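# A closer look at the structure
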Amino acid sequence: MILLVTAPPGREGDAILELEWALGKVRVKGTDWRGVLLAETPLPKDEALQRLKNFETQAIQRVIPIERLVPARWEEIEKAVLELGKAIDGTFAVRARVRGNKRLSQRELEIKLGSLLVERYNLKVNLSEPDYTVIIEVLGKKAGIGLVRKGEVLRFEVKE
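First, a word on scope: everything that follows refers to the structure included in this document.

Reading guide: rules and limits
- Residues numbered from 1 in each chain as written.
- Predicted model: local features only at pLDDT ≥ 70, side-chain atom pairs only at ≥ 80, totals over all residues.
- Heavy atoms only, no water.
- Helix = DSSP H or I, 4+ residues; strand = E, 2+ residues; numbered from the N terminus.
- Rg over C-alpha atoms; globule rule 2.2 N^0.38 Å.
- Buried < 20%, exposed > 50% of the residue type's maximum accessible area, 1.4 Å probe, protein only.
- Contact = heavy atoms within 4.5 Å.
- Areas by Shrake-Rupley, 256 points an atom, 1.4 Å probe, with all protein chains shown as cover.
- Lys, Arg positive; Asp, Glu negative; His and termini not counted.
- Charge placed at Lys NZ, Arg CZ, Asp CG, Glu CD.
- Pairing = 2+ DSSP bridges.
- Salt bridge = Lys/Arg side-chain N within 4 Å of Asp/Glu carboxyl O.

### Things to note about the overall build of the protein chain
When its secondary structure is counted, the protein chain shows four helices and ten strands. Here the protein chain has a C-alpha radius of gyration of 16 Å; the compact-globule value for 160 residues is 15 Å, and the two agree. Seen through its C-alpha atoms, the protein chain measures out along the principal axes to roughly 45 × 30 × 30 Å. For the protein chain, with 160 residues in total, the buried portion stands at 47%. Contacts in the protein chain between residues at least 24 apart in sequence constitute 73% of all its contacts with a sequence separation of at least 6. Total accessible area on the protein chain stands at roughly 8,900 Å², and carbon and sulfur atoms take up 48% of it. When the 28 positive and 24 negative side-chain charges of the protein chain are each reduced to one mean point, those points stand 3 Å apart.

### Examining the pairing of strand 8 (residues 132-139)
Counting buried positions over the eight residues of strand 8 gives eight, a clear majority of the element. Of the two faces of strand 8, the one carrying Tyr 132, Val 134, Ile 136 and Val 138 and the one carrying Thr 133, Ile 135, Glu 137 and Leu 139 are both buried. Two elements, strand 6 (residues 91-99) and strand 8, share eight bridges in a ladder whose sense is parallel. Among the inter-strand pairings, Val 94 is bridged to a residue of strand 8, identified as Val 134.

### Remarks on the sheet that holds strand 9 (residues 142-149)
In any sheet, the strands associate via hydrogen bonds between backbone groups, in a parallel or an antiparallel arrangement. Spatially, the five strands line up as an open sheet ordered 5-9-8-6-7, and their pairing is mixed. The strands lining the two open edges of the sheet, one partner per strand, are strand 5 (68-71) and strand 7 (124-125).

### Some remarks on the pattern of salt bridges
One side chain can pair with another of opposite charge once the charged atoms of both are near each other. Here the structure, examined in full by the defined rule, presents eleven salt bridges. The partner of Glu 40 in a salt bridge is Arg 27, with the nearest N and O atoms 3.5 Å apart. On the criterion of sequence distance, the pair formed by Glu 40 in strand 3 (residues 36-40) and Arg 27 in strand 2 (residues 27-30) is long-range, its members being 13 residues apart. Taking the shortest distance from any N to any O, the salt bridge between Glu 108 and Lys 112 comes out at 2.9 Å. Residue Glu 108 and its partner Lys 112 are both found in helix 4 (residues 106-121); the two are separated by four residues, about one turn of the helix. Linked through salt bridges whose partners overlap, the residues forming this network are Lys 45, Glu 67 and Glu 152.

Honestly, that's just the spatial picture; any functional story needs more than this.
Below, the structure written as structure tokens:
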């Protein structure tokens, strides 16, 4: 399981320590973006998220579960999204965030991939209260793709 973790810029070191304490076995890599980390753990998604929810964090702001890390090319992202889309059982929304990549547009990813999932699997879109959210996090040449249910993206209040 891969987790995209955000921390206040300059507090990445603290966030890495907290991830190690909370998850035990974890490999954390920095990215080219301040405050953005990728953490890889052998734990199943539910267990990793539960451990982090129960952990009192000082430096972790957001935790986004990622199922696949693919090259940030339209075809690769589309393939991964269609693969994960098979598991959607209910309404969905697509949320994208693009960092450091001029060829991909957040809006285009959300609209085109959302339409594709509707056409392919006859799914219903719900932008305000979806049962599932397809998450696309583009970090330069790589894209993280995740499928999350309500409550699986963790947000924490970080005190400076």
